[in-house]
Amino acid sequence: MLIESLAQKTKLALMTVLATIGGCTLICGFTVWCCISLVTKEREQIYILDGDIPFLAQRAQLEANFTMEAKAHIQLFHQYFFNLPPDNDYIKWTVGKAMYMADGTALKQKQALDENGFYSDIISSSAVCTIMCDSIQFDEHERKFTYYGTQLIKRRTRDLKRSMVTTGYIESVPRTRNNPHGLMITNWRTLENKDLDY
């Protein structure tokens, strides 16, 4: 009777210890999960100081703005590359700015235009080239874009209107002063560049 009672008491004590350890483990796990989620939530908040007064601001998620930033980067690159007045120094400056935003494929196109006398023709004929973005299709998963634009070349004799379609891919790079979006256009090529009828 005494042995049986001692075995039951030992079994009860063991069950109590195991239940206590299990309960403590659950409570500790829940506490750690709560702390991690609280720290993650706090890291999304930014305080901005206006003098001595702090203002709470929410940090935007990169994924939410990526498509918008990619389209802005693509449009800015095309403006730098194709908006050209009859000024050699300005052309060098704007095309140089465009080269910071794309890889060597853009440099190859620039060299091909230079060899064909495109830039010297603009200067000699006092032409003004402008490009207007019609639309940009962007695939977030492949990071591939297709740019649709209309290029207007104004000369003294006549004006030309051309359709412009280019394609390429977007890669993330560190942000710099010359590349504020932190994106790089790769494998850029022109699919269509033809005259339009008025």
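Taking an unreviewed UniProt entry as the reference, the protein chain is identified by name as Conjugative transposon protein TraK belonging to Bacteroides finegoldii.

(A) Region of the structure containing the nonpolar core. The biggest cluster of nonpolar side chains holds 30 residues, and the ones touching the most others in it are I74, F77, F145, I170, I185 and W188. Those elements that place two or more of their residues in this core are α2 (62–82), α3 (88–99), α5 (118–124), β3 (128–139), β4 (144–154), β5 (159–172) and β6 (183–195). Once you skip the residues sitting within four places of it in the chain, I74 turns out to touch I136, F138, F145, Y147, I170 and I185.

(B) Up close: unusual backbone geometry. The phi dihedral of S126 is positive, around 50 degrees, even though this residue is not glycine. Tracing the backbone shows S126 in the loop between α5 and β3. The exposure class assigned to S126 is partly exposed, which follows from its relative accessible area of 30%. Although it is not a glycine, R143 adopts a positive phi angle of roughly 60 degrees. Along the chain, the position of R143 falls in the loop between β3 and β4.

(C) Structural detail: the confidence of the model for the protein chain. Residues at a pLDDT of 70 or more form 87% of the protein chain, whose mean pLDDT is 86. By mean pLDDT, strand β2 (residues 53–58) is the weakest element of the protein chain at 63, and β4 is the strongest at 93.

(D) Layout of helix α4 (residues 104–115). With 12 residues, α4 should reach 16 Å at 1.5 Å per residue; the first-to-last C-alpha distance of 16 Å fits that figure. Of all the positions in α4, only T105, A106 and Q109 are classed as buried. Along the axis of α4, the buried positions cluster into a sector of 105 degrees, meaning they face one direction only. Away from its buried face by more than 90 degrees, α4 exposes K108 and E115.

(E) Inspection of the state of the cysteines at higher detail. Counted by the stated rule, this structure contains 0 disulfides. C24 provides the cysteine sulfur closest to C28, a residue in no disulfide bond, and the two sulfurs are 6.4 Å apart. Overall, C28 belongs to the partly exposed group, its relative accessible area being 49%.

(F) Quick look at the side chain of T186. Relative to the elements of secondary structure, T186 occurs in strand β6. Discounting residues that sit within four places of it in the chain, T186 has contacts with D103, T105, G168, Y169 and E171.

(G) The packing of aromatic side chains, seen in detail. Taken as a whole and judged by the stated rule, the model has 10 aromatic pairs. Where F118 meets Y119, the ring centres are 5.6 Å apart and the plane angle is 70 degrees; that geometry is what we call edge-to-face. Three or more aromatic residues joined by ring pairs form one cluster here, namely F77, F81, F82 and W188.

(H) Up close: the sheet that holds β3. Strand order in the open sheet made by the 4 strands is β3-β4-β5-β6, with antiparallel pairing throughout. Of all strands in the sheet, those bounded by a partner on one side alone are β3 and β6. On average, each strand axis in the sheet is inclined to that of its neighbour by 20 degrees, with strand direction left out of account. Here β3 runs beside β4; their pairing, made up of 11 bridges, is antiparallel. Within β4, the residue paired with F138 across the bridge is F145.

Procedures and definitions
- Residues numbered from 1 in each chain as written.
- Predicted model: local features only at pLDDT ≥ 70, side-chain atom pairs only at ≥ 80, totals over all residues.
- Heavy atoms only, no water.
- Core = buried A, V, L, I, M, F, W, Y, C linked by side-chain atoms within 4.5 Å.
- Buried < 20%, exposed > 50% of the residue type's maximum accessible area, 1.4 Å probe, protein only.
- Helix = DSSP H or I, 4+ residues; strand = E, 2+ residues; numbered from the N terminus.
- Contact = heavy atoms within 4.5 Å.
- pLDDT = per-residue confidence, 0-100.
- Expected span 1.5 Å × (residues − 1).
- Arc of directions from axis to C-beta.
- Disulfide = S-S within 2.5 Å.
- Phe/Tyr/Trp six-rings, centres within 6.5 Å; stacked < 30°, edge-to-face > 60°.
- Pairing = 2+ DSSP bridges.
- Axes fitted to C-alpha atoms, helices over the stretch in contact; angles between N-to-C directions.

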